Amino acid sequence: MDLSLFFTLTNLMKVLLATLCGLLLSIRPGQTDMFTYAHLLMLVAAGSSLLMIVAENLFYPIQGPVLVFIVAGIGLLGVTIVMAGGLHFNALYTALALWITTAVSVAIATDLIIEGSVITLLAYGAMRFASYADGQLSEKEDDSSAVD
């Protein structure tokens, strides 16, 4: 097998794995706009991982500035979502999911595949718990307002 073909397939598998991690992080209970949310996180994952792979190949060994631009861009996107949605759980959840998806994608793109996969599973569990806890708090608030 040609060595350049091997590296190409390896990089494509990294982008695919990062995209699948973005899909997993987009799943949350009670979500009404699943397609849009999954589409957003999958594109962020694919774009972040691809940019880091390109930076690794073009700017080796100095990928730091590219990482700074990726983080700044995702931060701007997250702030925009929070400002548009207010300080509500869904807007904060989306901004957090963007950050985690970007971090996981960059980790996978820079050969930290196991670490990125484990963080995806941990973040998925934490986000599921947060959604559950938010639902429980909302039910208690509804019950207490009904009593008054």
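Residues numbered from 1 in each chain as written. Predicted model: local features only at pLDDT ≥ 70, side-chain atom pairs only at ≥ 80, totals over all residues. Heavy atoms only, no water.

## Things to note about the overall build of the protein
- Secondary structure assignment for the protein yields 5 helices and 0 strands.
- Order of helices (α) and strands (β) in the protein, N terminus to C terminus: α-α-α-α-α.
- The burial tally for the protein puts 32% of its 148 residues in the buried class.
- Within the protein, residue pairs in contact and separated by at least 24 positions form 65% of the contacts whose partners lie at least 6 positions apart. (Helix = DSSP H or I, 4+ residues; strand = E, 2+ residues; numbered from the N terminus. Buried < 20%, exposed > 50% of the residue type's maximum accessible area, 1.4 Å probe, protein only. Contact = heavy atoms within 4.5 Å.)

## Section: the pattern of salt bridges
- Taken as a whole and judged by the stated rule, the model has 1 salt bridge.
- The salt bridge partner of D111 is K14, with a shortest N-O separation of 2.5 Å. Taken together, the residues D111 in the loop between α4 (89-109) and α5 (113-147) and K14 in helix α1 (residues 3-25) connect sequence positions 97 residues apart.
- Relative accessible area serves as the criterion here: at 5%, K14 is assigned to the buried category. (Salt bridge = Lys/Arg side-chain N within 4 Å of Asp/Glu carboxyl O.)

## Observations concerning helix α3 (residues 64-85)
- Over its 22 residues, α3 extends 31 Å from the first C-alpha to the last, a length consistent with the 32 Å expected when each residue adds 1.5 Å.
- In this structure, the buried side of α3 is in contact with α2 (34-58) and α4.
- Phi for G86, located one or two positions after α3, is positive at around 75 degrees. (Expected span 1.5 Å × (residues − 1).)

## Observations concerning the packing of α2 against α3
- At a minimum axis separation of 9 Å, α2 and α3 run at an interaxial angle of 165 degrees. Between α2 and α3, the angle falls in the class roughly antiparallel. Like other packed secondary-structure pairs, α2 and α3 cross with a definite hand, here right-handed. Of α3, the residues touching α2 (which contributes L40, V44, S48, L51, M52 and A55) are V66, L67, I70, I74, L77 and I81. (Axes fitted to C-alpha atoms, helices over the stretch in contact; angles between N-to-C directions. Parallel < 35°, antiparallel > 145°, perpendicular 65-115°, else oblique. Left-handed = near helix turned anticlockwise from the far one by under 90°.)

## A look at the packing of aromatic side chains
- Summed over the entire model, instances satisfying the criterion amount to 2 aromatic pairs.
- Ring centres 6.3 Å apart and planes at 35 degrees place the aromatic pair Y37 and Y93 in the tilted group. Pair noted here: Y37 is in helix α2 and Y93 is in helix α4, with a separation of 56 residues, a long-range link.
- The exposure class of Y37 is buried, given its relative accessible area of 4%. (Phe/Tyr/Trp six-rings, centres within 6.5 Å; stacked < 30°, edge-to-face > 60°.)

## Quick look at the nonpolar core
- Counting 10 residues, the largest nonpolar core is built from L25, Y37, L41, V44, I74, Y93, A97, L98, A123 and M127.
- Sorting the residues of this core by element identifies α2, α4 and α5 as the ones contributing at least two each.
- Apart from residues lying up to four places away in sequence, Y37 is in contact with L25, S26, R28, Q31, Y93, T94 and A97.
- Counting 8 residues, the second-largest nonpolar core is a separate cluster that includes M52, I53, A55 and A109. (Core = buried A, V, L, I, M, F, W, Y, C linked by side-chain atoms within 4.5 Å.)

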